[in-house]
Amino acid sequence: MIGENIRRVEREIADACGRAGRKREDVTLIAVSKTKPLSMLRKAYEAGIRDFGENRVQELMEKMPMMPEDVRWHMIGHLQRNKVKYVVGRVHLIHGVDSLALAEAISREALKQKTQADILLEVNVAGEESKFGVSEAGAFALVSEAAKLPGIRIRGLMTIAPLAEDPEANRIYFQRLRQLSVDIMRKNPDNVCMDILSMGMTGDYVAAVEEGAVCVRVGTGIFGERHGAADMQNPQ
Ligand SMILES: *Cc1c(COP(=O)(O)O)cnc(C)c1O
């Protein structure tokens, strides 16, 4: 079932790339495996998935050593400052940085480990009260401060669009995130690149790819429904 799901999602991504005049290899499919057992992650791996997304540090730490070394792990949840040390140097990309304090903590840990951490700034483009992320205006301020920090590389932006019945309803938020990345680069900030847009989930990844997503984060569409308390961005 997981193999079939992945093939279907792959096909839809390829079709969306075709419509948008994009290359399939410019989009990374991240399989969001939070709450799912290792047996399912292994099936996804066998079906070709190499990028996995988790939203809790504890779960990430448990799964990481049990999976092949060539897996790229993505921290997609809201990261607490005191957990930064477990993530830096181990994950490929930290998607949800939404405060200078968190960026500073990541920077300090990266310096300590003599490494560089790639991060995305989380923007709440829909302005939902319940969500983490900075406002569009706040993104400019955060970029200019966080860009000064050694040890981190700002690679782009991430957003979690509202839960919508109609995937078209979120297209505007994907357009806004993309436009924001263009506006940020127009200011020529030092030490910032905006080559990654992490946007689109099971309900709306097709529209996200058409609007320029570089990473899509698909959970349910690959692994099936989650049961229990698996909030979007569980503060751990
Ligand atoms: C859970 C989660 C996803 C995946 O959601 P689905 O709707 O199951 O595809 C994507 N992004 C984040 C940040 C998540 O927490």
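Let me begin by describing the structure that accompanies this report. (Residues numbered from 1 in each chain as written. Predicted model: local features only at pLDDT ≥ 70, side-chain atom pairs only at ≥ 80, totals over all residues. Heavy atoms only, no water.)

1. Some points on helix 1 (residues 2–20)
(1) Moving on: Taking 1.5 Å per residue as the helical rise, helix 1 with its 19 residues ought to reach 27 Å, and the 27 Å between its terminal C-alpha atoms agrees with that figure.
(2) Moving on: Every buried residue belonging to helix 1 is among Ile-2, Gly-3, Asn-5, Ile-6, Val-9, Ile-13, Ala-16 and Cys-17, and all of these are buried. Looking down the long axis of helix 1, one finds its buried residues gathered within 155° of arc, a one-sided arrangement. Residues Glu-4, Arg-7, Arg-11, Gly-18 and Arg-19 are exposed on helix 1 and point more than 90 degrees away from its buried face.
(3) Moving on: If you follow the buried residues of helix 1, they end up packed against strand 1 (28–32), helix 2 (38–46), helix 8 (205–210), strand 8 (215–218) and helix 9 (220–223). (Helix = DSSP H or I, 4+ residues; strand = E, 2+ residues; numbered from the N terminus. Expected span 1.5 Å × (residues − 1). Buried < 20%, exposed > 50% of the residue type's maximum accessible area, 1.4 Å probe, protein only. Arc of directions from axis to C-beta. Contact = heavy atoms within 4.5 Å.)

2. Side note on the side chain of Lys-131
(1) Moving on: With respect to the element layout, Lys-131 can be found in the loop between strand 5 (117–122) and helix 6 (136–146).
(2) Moving on: A distance of 2.6 Å separates polar atoms of two side chains, one belonging to Lys-131 and the other to Glu-128.
(3) Moving on: When sequence neighbours within four positions are dropped, the list of residues in contact with Lys-131 reads Asn-124, Ile-160, Ala-161 and Pro-162. (Polar contact = N/O pair within 3.5 Å; in protein donor to acceptor, adjacent residues only side chain to side chain.)

3. Focus on the nonpolar core
(1) Moving on: Counting residues in hydrophobic clusters, the biggest one holds 68 residues, and the most contacted among them are Phe-52 and Ile-106.
(2) Moving on: A total of six residues in this core trace back to one element, the largest contributor, which is helix 1.
(3) Moving on: Ignoring sequence-local partners within four residues, the contact set of Ile-106 consists of Leu-79, Val-84, Val-88, Ile-94, Val-97, Ala-117, Ile-119 and Ile-152.
(4) Moving on: If you look at the next biggest cluster of nonpolar residues, it comprises eight residues, including Leu-93, Met-158, Ile-196 and Cys-215. (Core = buried A, V, L, I, M, F, W, Y, C linked by side-chain atoms within 4.5 Å.)

4. Describing the environment of Asn-82
(1) Moving on: Here Asn-82 lies in the loop between strand 3 (72–75) and helix 4 (84–87).
(2) Moving on: For Asn-82, a relative accessible area of 48% translates into the label partly exposed.
(3) Moving on: Note: C-alpha distance between Asn-82 and Ile-106 (24 residues apart in sequence) is 10.0 Å.

5. Some details on the packing of aromatic side chains
(1) Moving on: Tallying each qualifying case throughout the model produces one aromatic pair.
(2) Moving on: Where Phe-52 meets Trp-73, the ring centres are 5.8 Å apart and the plane angle is 35°; that geometry is what we call tilted. Taken together, the residues Phe-52 in strand 2 (residues 51–54) and Trp-73 in strand 3 connect sequence positions 21 residues apart.
(3) Moving on: What makes Trp-73 buried here is its relative accessible area of 3%. (Phe/Tyr/Trp six-rings, centres within 6.5 Å; stacked < 30°, edge-to-face > 60°.)

6. Quick word on the packing of helix 6 against helix 7 (residues 171–186)
(1) Moving on: Packing of helix 6 against helix 7 leaves a shortest axis separation of 11 Å and a crossing angle of 35°. In this structure, helix 6 meets helix 7 at a crossing whose hand is right-handed. Residue-level contacts link Glu-136, Ala-139, Phe-140 and Val-143 of helix 6 to Arg-176, Leu-180, Asp-183 and Ile-184 of helix 7.
(2) Moving on: When grouped by side-chain class, the residues that make up the contact of helix 6 with helix 7 number five nonpolar, no polar and three charged. (Axes fitted to C-alpha atoms, helices over the stretch in contact; angles between N-to-C directions. Left-handed = near helix turned anticlockwise from the far one by under 90°. Nonpolar A, V, L, I, M, F, W, Y, C, P; charged D, E, K, R; others polar.)

7. What about the layout of surface pockets?
(1) Moving on: Looking at the second largest pocket, its volume works out to about 160 Å³.
(2) Moving on: If you list the elements that add at least two residues to the lining of the second largest pocket, you get helix 1 and strand 1. (1 Å grid on protein atoms, 1.4 Å probe; cavity = no way out; pocket = protein on both sides within 12 Å on 5 of 7 lines; lining within 4 Å. Points joined across faces, edges and corners; volume = space filled by probe spheres on them.)

These figures come from the coordinates and say nothing about function on their own.
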